[in-house]
Amino acid sequence: MSRSLLFIPGHRENMLSKAGKSQTDTVIFDLEDSVPMAEKNNGRATLVKFLREFDAVDKEVIIRVNEDKTIMSSDIEATLATRNVDGFMIPKATVESVRWVDSMLECMDAENIFLVPMVESPLGLINTYKIASCSKRVKGMLFGAEDYTAEMGIKRTKSSEEVRVARNLFAIACRAADVEAYDTPYVDTKDGVGLIADSEYGKSIGLTGRTAIHPKQIDAINSVYMPSDEEVLWAERVVQSNEEAKTKGLGAFSLDGQMIDLPVVIRAKKTLDQINRSK
């Protein structure tokens, strides 16, 4: 589970060099919006060169690819070859585009690569559950408020009141599909108080983490999305009980009347990993 996900332009060498220094849980190297169309090939080459030597340490690495399938294919093939990629973020995602990427990764024997589709339109919002459920690779979804409000023809405001319903529906659909729900970036990088308040609201409706557009936003996001004491205690009990179950040859087991299987154990371990990262 990622509390924070930091966007970094994939073609900016000066910004790429700072990727490992951030306290973010996940780094998103962006080859889409932040890279001008005329620079797509050069930008990709710059990122590939960087990734070959990048030590992610305890960070997840996601590549936001381009929407155009021809460019997307090149993005995936080139960055995956570096062996320093954990997942791909798909802009303006549809069921068809997610399945297309899934099939491509299957052909490349990329079994452990996950996907994070982006919801950036009214149609995408309505189809969030279908998109989240169409591939086992989908780990989480990201709500993009800027493109969403543009398509809705409504003004984007600092209060985010205009996307309150959309964020709630997005969180519900992600929870129903049992995937992580990542909130849209808070665009005012100078307003730390507003970032915390808005992130606390996001957490209260079921969002599980947040993207950031500046490294100085990460500490606030991490603090809001830090697992609670109750969540940590539950995770510790799940992991301990799982070890006991394995000695008995059990794949699944019951804890407090709840059936615990592999996905729950994985989630519990990720919760404990979050705590360990913060120490």
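Shown above is the structure to which this text applies.
Values in this document were obtained by computation on a predicted structure and should not be read as measured data.

A few points about the overall build of the protein chain
Counting its regular elements, the protein chain contains 12 helices and 10 strands. In terms of overall size, the protein chain behaves like a compact globule, its C-alpha atoms giving a radius of gyration of 19 Å where 279 residues would be expected to give roughly 19 Å. Taken along its principal axes, the extent of the C-alpha atoms in the protein chain is 60 × 45 × 35 Å. Across the 279 residues in the protein chain, those meeting the buried criterion constitute 52%. Of all intrachain contacts in the protein chain linking residues separated by at least 6 positions in sequence, the fraction that spans at least 24 positions is 70%. Accessible surface computed for the protein chain: about 13,800 Å², of which carbon and sulfur atoms make up 52%. Between the centroid of the 36 positive side chains of the protein chain and the centroid of its 43 negative side chains there is a distance of 1 Å.

A short note on helix H7 (residues 145-152)
All of the buried residues along H7 are Ala145, Tyr148 and Thr149. The arc that holds every buried residue of H7, seen down its axis, measures 95°, which confines them to one face. Pointing more than 90 degrees away from the buried face of H7 are the exposed residues Ala150 and Glu151. Elements in contact with the buried residues of H7: helix H5 (122-126), strand S6 (140-143) and helix H8 (164-177). Backbone geometry just downstream of H7 places Gly153 in the positive-phi region, at approximately 75°.

Considering unusual backbone geometry
A positive phi angle is found at Arg83, which is not glycine, with a value near 65°. Not every positive phi belongs to a glycine, and Lys92 is a case in point at roughly 45°. Counting through the fold element by element, Lys92 comes out in the loop between strand S4 (87-90) and helix H4 (95-107).

Here's the deal with the nonpolar core
Judged by nonpolar contacts, the single largest core of 58 residues is most densely connected at Phe29, Leu51, Ile63, Phe88, Leu105, Met141 and Phe170. The leading source of residues in this core is H8, at five residues. In contact with Met141, not counting residues within four places along its chain, are Val116, Pro117, Val119, Thr128, Ile131, Ala132, Phe170, Cys174, Val179, Glu180, Ala181 and Tyr182.

How each quantity is defined
- Residues numbered from 1 in each chain as written.
- Predicted model: local features only at pLDDT ≥ 70, side-chain atom pairs only at ≥ 80, totals over all residues.
- Heavy atoms only, no water.
- Helix = DSSP H or I, 4+ residues; strand = E, 2+ residues; numbered from the N terminus.
- Rg over C-alpha atoms; globule rule 2.2 N^0.38 Å.
- Buried < 20%, exposed > 50% of the residue type's maximum accessible area, 1.4 Å probe, protein only.
- Contact = heavy atoms within 4.5 Å.
- Areas by Shrake-Rupley, 256 points an atom, 1.4 Å probe, with all protein chains shown as cover.
- Lys, Arg positive; Asp, Glu negative; His and termini not counted.
- Charge placed at Lys NZ, Arg CZ, Asp CG, Glu CD.
- Arc of directions from axis to C-beta.
- Core = buried A, V, L, I, M, F, W, Y, C linked by side-chain atoms within 4.5 Å.

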